[in-house]
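# Report on the structure
Spelled out from the first residue to the last, the chains are:
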Amino acid sequence: MGLSDHIRHGWSMSCVPVVFGQAATEMKATQEDTVKARDKYQNFVSELWFWAREWCRLGLVYIKGSPPTLLSQLEARKYEEYGKNKILVESKREMKKLTGESPDHADAFCLLIHLARIRSSGFMPATFKDHPKVKDPLKMFRKQESVFAADYGVK
């Protein structure tokens, strides 16, 4: 039995276990998405980081006054195309070699987005592009998105 199993059985079964080494899930990022995560990302970590990026880009998450460590970690992780049309973020070990630090703050941020994804089942964000009469309630946030959302960590 792993640590998450002990926590769930001893505390609450509503805790969300996460296995960073697992395969990407069947979920989609937005209502407009036509491709499942498993068809876009090589693994769960890649999915986790790109969902956080996408939610920032859409303005669903706005980073205001965030610690410099968080932004530097979000911006530092690189990715590459893997196989046929899949995305793979660099491993934590590789990133640590290049930057000298583990992206723990950024992982925690991405996990927070993942928790929102899981807990908001039935709700899937939309980009509003297909609904011209609907006012975009997140417009002010889209204008102020972080560099992480703007360049997706590509250097």
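Residues numbered from 1 in each chain as written. Predicted model: local features only at pLDDT ≥ 70, side-chain atom pairs only at ≥ 80, totals over all residues. Heavy atoms only, no water.

## Let's talk about the environment of Ala29
The line we're drawing: Helix and strand labels come from DSSP, where a helix needs a run of H or I of at least four residues and a strand needs a run of E of at least two; each type is numbered from the N terminus. Classification of residues uses two cut-offs on accessible area relative to the type maximum, computed with a 1.4 Å probe and protein chains only: under 20% is buried, over 50% is exposed, and between them is partly exposed.
For Ala29, the position within the fold is in the loop between helix 1 (3-10) and helix 2 (37-40). Taking the relative accessible area as the measure of exposure, Ala29 reaches 5% and is therefore buried. A sequence separation of 22 residues divides Ala29 from Trp51, and the C-alpha atoms of the two residues are 6.4 Å apart.

## Notes on the state of the cysteines
Think of a disulfide as a covalent bridge from one cysteine sulfur atom to another cysteine sulfur atom. We count it as follows: The disulfide criterion is simple: two cysteine sulfur atoms within 2.5 Å.
Going through the model one piece at a time under the given rule, you end up with zero disulfides. This cysteine, Cys56, is not joined by any disulfide, and Cys110 carries the nearest cysteine sulfur, 8.2 Å off. Residue classification places Cys110 among the buried positions, given a relative accessible area of 0%.

## Section: the environment of Trp55
In this structure, Trp55 sits in helix 3 (residues 44-58). Residues Trp55 and Ile113, spaced 58 residues apart in sequence, show a C-alpha to C-alpha distance of 8.0 Å.

## Concerning the pattern of salt bridges
Stated precisely, the cut-off is as follows: When a carboxyl oxygen of Asp or Glu is within 4 Å of a side-chain nitrogen of Lys or Arg, the pair counts as a salt bridge.
A complete count under the given rule lists nine salt bridges for this structure. The closest approach of N and O atoms between Glu26 and Lys36, which form a salt bridge, is 3.2 Å. One end of the pair, Glu26, is in the loop between helix 1 and helix 2; the other, Lys36, is in the loop between helix 1 and helix 2, and ten residues separate them in sequence. A relative accessible area of 44% means that Glu26 is categorised as partly exposed. Using a relative accessible area of 30% as the deciding quantity, one classes Lys36 as partly exposed. Across the salt bridge formed by Arg117 and Glu47, the nearest N and O atoms sit 2.5 Å from each other. Here Arg117 is found in helix 6 (residues 104-119), whereas its partner Glu47 is found in helix 3, with 70 residues between them in sequence. Residues participating in the shared-partner salt-bridge network are Glu26, Lys36, Arg38 and Asp39.

## Some thoughts on the confidence of the model for the chain
To be explicit about the condition: A score between 0 and 100, pLDDT records how confident the predictor is in each residue. Note on definitions: a residue-residue contact is assigned when non-hydrogen atoms from the two residues lie within 4.5 Å.
Residues at a pLDDT of 70 or more form 77% of the chain, whose mean pLDDT is 78. When mean pLDDT is compared element by element in the chain, helix 2 scores highest at 92, while helix 7 (residues 139-142) scores lowest at 49. For residues 151-155, every residue scores under 50 in pLDDT, and the model assigns this stretch 13 contacts once sequence neighbours within four places are set aside.

## Things to note about a nonpolar patch on the surface
Inclusion rule: Each patch is built from residues lacking any salt bridge and having more than 30% relative accessible area; the joining distance is 9 Å for like charges and 5 Å for nonpolar side chains (Val, Leu, Ile, Met, Phe, Trp, Tyr). Note on areas: these come from Shrake-Rupley sampling with a 1.4 Å probe, and a residue is covered only by the protein chains present in the view.
Together, Leu3, Ile7 and Trp11 line one region of the surface with nonpolar side chains, adding up to about 400 Å² of accessible area. In this structure, Ile7 sits in helix 1.

## Things to note about helix 6
One turn of an α-helix holds 3.6 residues; hence residues three or four places apart share an orientation. Formally: A helix is expected to span 1.5 Å for every residue after the first. For this quantity, the arc is that covered by the directions from the helix axis to the C-beta atoms.
Between its terminal C-alpha atoms helix 6 stretches 22 Å, which fits the 22 Å expected from 16 residues at 1.5 Å a residue. Residues of helix 6 that are buried: Ala106, Asp107, Phe109, Cys110, Ile113, His114 and Arg117. Looking straight down helix 6, one finds that the buried residues subtend no more than 160° of arc, so they occupy a single side. Away from its buried face, by an angle of more than 90 degrees, helix 6 presents the exposed residues Leu112 and Arg119.

## As for the packing of aromatic side chains
Filter applied, for reference: Stacked, tilted and edge-to-face are the three classes assigned to paired rings of Phe, Tyr and Trp, where Trp is represented by its six-membered ring and a pair needs centres within 6.5 Å; plane angles under 30 degrees give stacked, over 60 edge-to-face, the rest tilted. Any Lys NZ or Arg CZ found within 6 Å of a ring centre and within 35 degrees of that ring's normal is scored as a charge over the ring.
In total, this model carries three aromatic pairs according to the counting rule given. Taken together, a centroid distance of 5.7 Å and an interplanar angle of 40° make the contact between Tyr41 and Phe50 tilted. By the burial criterion, Tyr41 is buried, and Phe50 matches it. Within the aromatic cluster, the residues linked to one another by ring pairs are Tyr41, Phe50 and Tyr79. The lysine or arginine in question, Arg117, covers the ring of Trp51, its NZ or CZ lying 3.6 Å from the ring centre.

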